[in-house]
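Examining the three-dimensional arrangement
For reference, the chains in residue letters:
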Amino acid sequence: MTGSEILVQTLIYNKVKFIFGYPGGAIMPIYDSLFTYKKQIKHILTRHEQGSIHAAQGFARVTGKPGICLSTSGPGSSNIITGLADALIDSTPLLCITGQVSSKLLGTDAFQEIDIIDISIPVTKWNFQITKPDQIFEVISKGFHLATNGRPGPILIDITKNAQVEDLKKGIIFPDKTKQKIKTKKKINKKDFQKVIKTIKKARKPIIIIGQGVKLANAENQLKQFAEKTNLPVASTLLGLGILKTNHNLNYGMLGMHGNYQNNILILKSDLIIAIGLRFDDRLIGNINKISPKTIIIHIDIDNYEINKRLKTTIYLLGNLKHTLNFLSKSFKLNTTEKWLKNFKLLNKVERKYIKEKELRETKIGITMPEVINYINLYKNKNCILVTDVGQHQMSASRYFNFTTLKSQITSGGLGTMGFALPAAIGAKIGAKRRQVICIVGDGGFQMTIQELGTIMQYEIPIKIIILNNNFLGMVKQWQDLFFNRRFSNTKIYNPNFTNISKAYNIKSKKVFIKENLKQDIKEMLKSKEAFLIEILVEKEYNTLPMIPTEKSVSKICF
């Protein structure tokens, strides 16, 4: 049995059904073995290695299973670095397998040789180079475990060509999985829990902030129960959107730079912040010195590294969020926080009056981004998945999209990777074929991975693509507008005819520039059973507001 056969059989043993990748010389033996097992594993050929890793991310985010990505050596492996960095900061489980030159050629500057191990150390949870076939089963199995155990993340395993082609005469005996599953339940530190419970009950102005950690722990129902038992207002990070339904009475939307007004104002007045499954990044909190030193911070997370990283924590609980929230919920009956909740409702009305109503009842002839999202809400399926790229459209979609079901939002949060959405939407649809997948992208980001329309064409993947085209790099232009005296340096972008390009890939398409046609055209797209691309020409003079400038307090908020 060759090393490449062992590898593919190890993937089958770990119940891998789909792989995203792009072949090349140094990984050709593995691709040859995939041909033998093509009935067990389906390989999705993307048009670029970056497309393959973003597709693997989309797959992982909807399934909770590691996304599998294959690439060859040299430029093939270096092309996945952005995806690895994106997956690490957003805690996405990936297993990336790269081919490498033969062991005897390592360090000789051989054709398409690159030291991917050293390059990828900062952007992986763990990496390893296999040089012998007898290492393959153990290392790949460890990679699967590490990708999903604890805080999820990306794993990179580099396999030299000789390890792929050499025979392992004694073969591999795959262990019985039923004997491997031994669950160990961590002991609960009751003193810490009691301290948290007493602190919450004592607080008069508490707020819950939820992040993607809740999704990763599959603890959405436990979070909902905890919020309802404590009757506390809930704000969300960008990646935490969709944990609570948008219309839940305790859900007050997003916190942070482009978050909802009431959250950003009242977090500074709260006496208790309960942070669950998040990392207090700079876009969420801004100037941390504006948080009162008297405010108590309770941080609940699985990763000890995040505790006290930016904000000093008063009390923290480490462990699985599902177990933690379940235990906490049992200790509460309905709290009386109605007076505090009235403040959120009042400021929510302020934002609705000065921002939302203006954007949704726009008197301009042109189309605004919130109008588009509003019509999507009317006709989307209840179980749909929203995939967004990075920029103004991302913030508008996050603020106005109606999340109605679990695991319904995929975006690049921490790294902010333009070009993420189109391939990620492909992976999401492969992982959740019965769910509608809506990809919203800007004209700039779309062109970074536009070639993945070929993947959609080849595999007939019925995703809905909405390009919000303002002929600008919109978010950069917004900063230039607000903070650089409208000096629009190199942000105007001249675009091709996207609908013609789409037709060249045999994907149905339509261009919308008349407001009166918008509603019907969005309805037609979302009701279609095929892949469909719609390009919408939106207002150029549009800013996603409210906005808190970098490292500023909410007193500097832009309306």
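About the thresholds
Residues numbered from 1 in each chain as written. Predicted model: local features only at pLDDT ≥ 70, side-chain atom pairs only at ≥ 80, totals over all residues. Heavy atoms only, no water. Helix = DSSP H or I, 4+ residues; strand = E, 2+ residues; numbered from the N terminus. Buried < 20%, exposed > 50% of the residue type's maximum accessible area, 1.4 Å probe, protein only. Contact = heavy atoms within 4.5 Å. Salt bridge = Lys/Arg side-chain N within 4 Å of Asp/Glu carboxyl O. Phe/Tyr/Trp six-rings, centres within 6.5 Å; stacked < 30°, edge-to-face > 60°. Lys NZ or Arg CZ within 6 Å of the ring centre and 35° of its normal. Core = buried A, V, L, I, M, F, W, Y, C linked by side-chain atoms within 4.5 Å.

1. Describing the environment of Met448
- Positionally, Met448 belongs in the loop between helix H19 (443-446) and helix H20 (453-459).
- Overall, Met448 belongs to the partly exposed group, its relative accessible area being 48%.
- Residues Met448 and Ser33, 415 residues apart in the sequence, show an inter-C-alpha distance of 32 Å.
- Here Met448 is in contact with Met418 and Gly419, once residues within four sequence places are set aside.

2. Brief notes about the pattern of salt bridges
- For the structure on display, the rule yields 15 salt bridges.
- The residue Arg486 makes a salt bridge to Glu541 at a minimum N-O spacing of 3.5 Å. Taken as a pair, Arg486 in the loop between helix H21 (474-483) and helix H22 (498-504) and Glu541 in the segment after strand E18 (532-537) lie far apart in primary sequence, 55 residues in all.
- Here Arg486 falls in the partly exposed class, since its relative accessible area comes to 42%.
- For Glu541, a relative accessible area of 41% corresponds to the partly exposed category.
- In the salt-bridge network here, residues are joined through shared partners; they are Arg151, Asp303, Glu306 and Lys309.

3. Regarding the packing of aromatic side chains
- In this structure the tally under the stated criterion is 14 aromatic pairs.
- Taken together, a centroid distance of 5.8 Å and an interplanar angle of 25 degrees make the contact between Trp126 and Phe128 stacked.
- Using a relative accessible area of 18% as the deciding quantity, one classes Trp126 as buried.
- Residue Phe128 is classed as partly exposed on the basis of its relative accessible area, which comes to 29%.
- Summarising the aromatic geometry, the rings of Phe226 and Phe332 are spaced 6.2 Å apart at their centres and angled 80 degrees between planes, so their arrangement reads as edge-to-face. Placement of Phe226 in helix H11 (residues 220-230) and of Phe332 in the loop between helix H14 (321-329) and helix H15 (338-360) is noted, with a sequence separation of 106 residues between them.
- Taking relative accessible area as the criterion, Phe332 reaches 3% and is therefore assigned buried.
- Aromatic rings pair up to connect Tyr13, Phe137 and Phe174 into one cluster.
- Between Lys201 and the ring centre of Phe332, over which it is positioned, the NZ or CZ distance is 5.5 Å.

4. Some words on unusual backbone geometry
- Here Leu545 and Pro546 are connected by a cis peptide whose omega angle stands at 0 degrees.
- Note that Pro546 resides in the segment after E18.
- Look at Asp109: it is not a glycine, yet its phi comes out positive at around 60 degrees.
- Of note, Asp109 is situated in the loop between strand E4 (94-100) and helix H6 (116-120).
- If you check the backbone angles, Asn490 has positive phi at about 55 degrees while not being a glycine.
- With respect to the element layout, Asn490 can be found in the loop between H21 and H22.
- Of the residues examined, Asn490 reaches a relative accessible area of 71% and is grouped as exposed.

5. What about the nonpolar core?
- Counting residues in hydrophobic clusters, the biggest one holds 54 residues, and the most contacted among them are Ile200, Ile208, Ile274 and Ile276.
- With five residues, strand E10 (residues 272-276) is the largest single contributor of residues to this core.
- In this view, Ile200 contacts Phe226, Thr230, Leu232, Leu272, Ile274, Ile298, Phe332 and Asn335; residues no more than four positions away in its chain are not counted.
- Core analysis: the next-biggest nonpolar cluster, separate from the first, contains 46 residues, Ile385, Ala425, Ile426 and Ile450 among them.

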